[in-house]
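Report on the structure
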Amino acid sequence: MPEPLVSIIIPSVRPDELEACLNSIDEYTEGLDYEVLTITTFNIKNHLNTIRVIEDKPEGTYRAVALGYNIARGEYIVHIPDDARATPFWLDNMLDFMKPHDNEI
């Protein structure tokens, strides 16, 4: 399986917020090779490119992000909260900004 360009890490303890976030990512992230790593204690519906990372019990946002980071396969890694909503070209705009600075970061 080829590595994705972007890994999106989303820790969540709120099923409704995570569902809305994932729906917005599905809607507004087209044409890019990406994976979404959700760090949750609950089941989620099937979404495009989404992998559920199971947490037995919540141990905080920083631990969840670190867990996602450790298994992320993307060249770029983005962390967003579950109450964030993707908008048109959200990830394209981030990549357009980051790519010219690859050797500086």
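See the structure above.
Residues numbered from 1 in each chain as written. Predicted model: local features only at pLDDT ≥ 70, side-chain atom pairs only at ≥ 80, totals over all residues. Heavy atoms only, no water.

Here helix α1 (residues 15–28) spans 20 Å end to end across 14 residues, near enough to the 20 Å set by a 1.5 Å rise per residue. At its buried positions, α1 is contacted by β1 (6–11), β2 (34–40), β3 (50–54) and α3 (90–98). (Helix = DSSP H or I, 4+ residues; strand = E, 2+ residues; numbered from the N terminus. Expected span 1.5 Å × (residues − 1). Contact = heavy atoms within 4.5 Å.)

This next bit is on the sheet that holds strand β4 (residues 76–79). Overall, parallel pairing links the 4 strands, which are arranged β3-β2-β1-β4 in an open sheet. Of all strands in the sheet, those with a lone pairing partner are β3 and β4, marking the two edges. The average angle at which neighbouring strand axes cross in this sheet is 20 degrees, direction not considered. Pairing of β1 with β4, which is carried by 4 bridges, proceeds in the parallel orientation. Residue isoleucine 9 lies in a different strand from β4, and its bridge partner there is histidine 79. (Pairing = 2+ DSSP bridges. Axes fitted to C-alpha atoms, helices over the stretch in contact; angles between N-to-C directions.)

Bringing the side chain of glutamate 35 into the picture now. Note on placement: glutamate 35 falls in strand β2. Within the structure, glutamate 35 has its side chain in polar contact with the backbone nitrogen of arginine 73 (distance 2.8 Å). Not counting chain neighbours up to four residues away, the residues in contact with glutamate 35 comprise Pro4, Val6, Ser7, Ile8, Asn49, Ile51, Ile71, Ala72, Arg73 and Gly74. (Polar contact = N/O pair within 3.5 Å; in protein donor to acceptor, adjacent residues only side chain to side chain.)

None of this, on its own, says anything about what the molecule does.
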